[in-house]
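Each chain, written out:
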Amino acid sequence: MTSLTLFVLFGCLHACTYADKIRYTNEWIVEVKGGPEVADEIAQRHGFKNLGKIGNLQDHFRFLLQGELSGLHMSSKSEAISQEKQVINAQQQVVKRRVKKGYTAPVDSQWHKQWSLKNTGQTNGPSGLDLNVEKAWLQNITGDGVVVGVVDDGLEWTHPDIYENYDSFASYDFYEDDYDPSPEYSSSEPNSHGTSCAGEIAMVKNSQ
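Described in the following lines is the structure provided in the data block.

Conventions adopted
- Residues numbered from 1 in each chain as written.
- Predicted model: local features only at pLDDT ≥ 70, side-chain atom pairs only at ≥ 80, totals over all residues.
- Heavy atoms only, no water.
- Patch = residues over 30% accessible without salt bridge, like charges linked within 9 Å, V, L, I, M, F, W, Y side chains within 5 Å.
- Areas by Shrake-Rupley, 256 points an atom, 1.4 Å probe, with all protein chains shown as cover.
- Salt bridge = Lys/Arg side-chain N within 4 Å of Asp/Glu carboxyl O.
- Helix = DSSP H or I, 4+ residues; strand = E, 2+ residues; numbered from the N terminus.
- Buried < 20%, exposed > 50% of the residue type's maximum accessible area, 1.4 Å probe, protein only.
- Pairing = 2+ DSSP bridges.

**Considering a nonpolar patch on the surface**
Turning to step 1, where the next piece is worked out: A grouping of V146, V148, V150 and I201 is seen on the molecular surface, where their side chains present a nonpolar patch of about 340 Å² in accessible area.
Turning to step 2, where the next piece is worked out: One can find V146 in the loop between α3 (133–138) and α4 (193–202).

**Some details on the pairing of strand β2 (residues 22–32)**
Turning to step 1, where the next piece is worked out: Extensive coverage of β2 is indicated by the burial of 9 of its 11 residues.
Turning to step 2, where the next piece is worked out: Pairing of β2 with strand β5 (residues 87–94) involves 6 bridges; the strand directions are antiparallel. Across the sheet, I29 pairs through a bridge with Q91, a residue of β5.
Turning to step 3, where the next piece is worked out: When β2 meets strand β4 (residues 60–65), the two strands line up antiparallel, connected through 5 bridges. Note on β4: the bridge partner recorded for V30 is F61.

**Considering unusual backbone geometry**
Residues other than glycine predominantly adopt negative phi, and peptide bonds predominantly adopt the trans conformation.
Turning to step 1, where the next piece is worked out: Even without a glycine there, the phi angle at N124 is positive, about 70°.
Turning to step 2, where the next piece is worked out: Secondary-structure assignment places N124 in the loop between β5 and α3.
Turning to step 3, where the next piece is worked out: With a phi close to 65°, N140 is a non-glycine residue in the positive phi region.
Turning to step 4, where the next piece is worked out: Counting through the fold element by element, N140 comes out in the loop between α3 and α4.
Turning to step 5, where the next piece is worked out: Owing to a relative accessible area of 40%, N140 belongs among the partly exposed residues under this scheme.

Written as structure tokens, this is what we have:
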């Protein structure tokens, strides 16, 4: 038999039970060759109701077991359905619990000044007008593994707040035509705005 992609159900719409600390549902994902009519016949033969095709997935159907669960993992049901010639695979679904990771505000001596990240009105501007990043962090969205390109002027990539998250392979200085975007500190015109933007995007956490 080929393996079947497990569709995690985040909400148990039907009867559920616990067995071996795993929460099983009374729904199965069944891969059936032959179309909806064949799926209906197989479902009915084994005490299921075919809830229909799953999105655009070819030959994948949701089967609902009629009645109450016995309180055990129904492996016998999966095995029985799998004996049908048109069935490629069948899996009883489990509920995966999602637990939010804890979030604590950055331990940074300059955090209170970061109005663009958390605007409390500290610059006499409108409170709350910021990037709203804390709500993203609460969902464990940290940007890990994401590369962001900033088209700007100089970037002080050696700065301790930036260095660990700086990607040299994704950086280029089109003004000097080299791979070092460092600002020209001796220039009469400041060109370090890129440092500010990069810091908001990729600064290391809890920098002092």
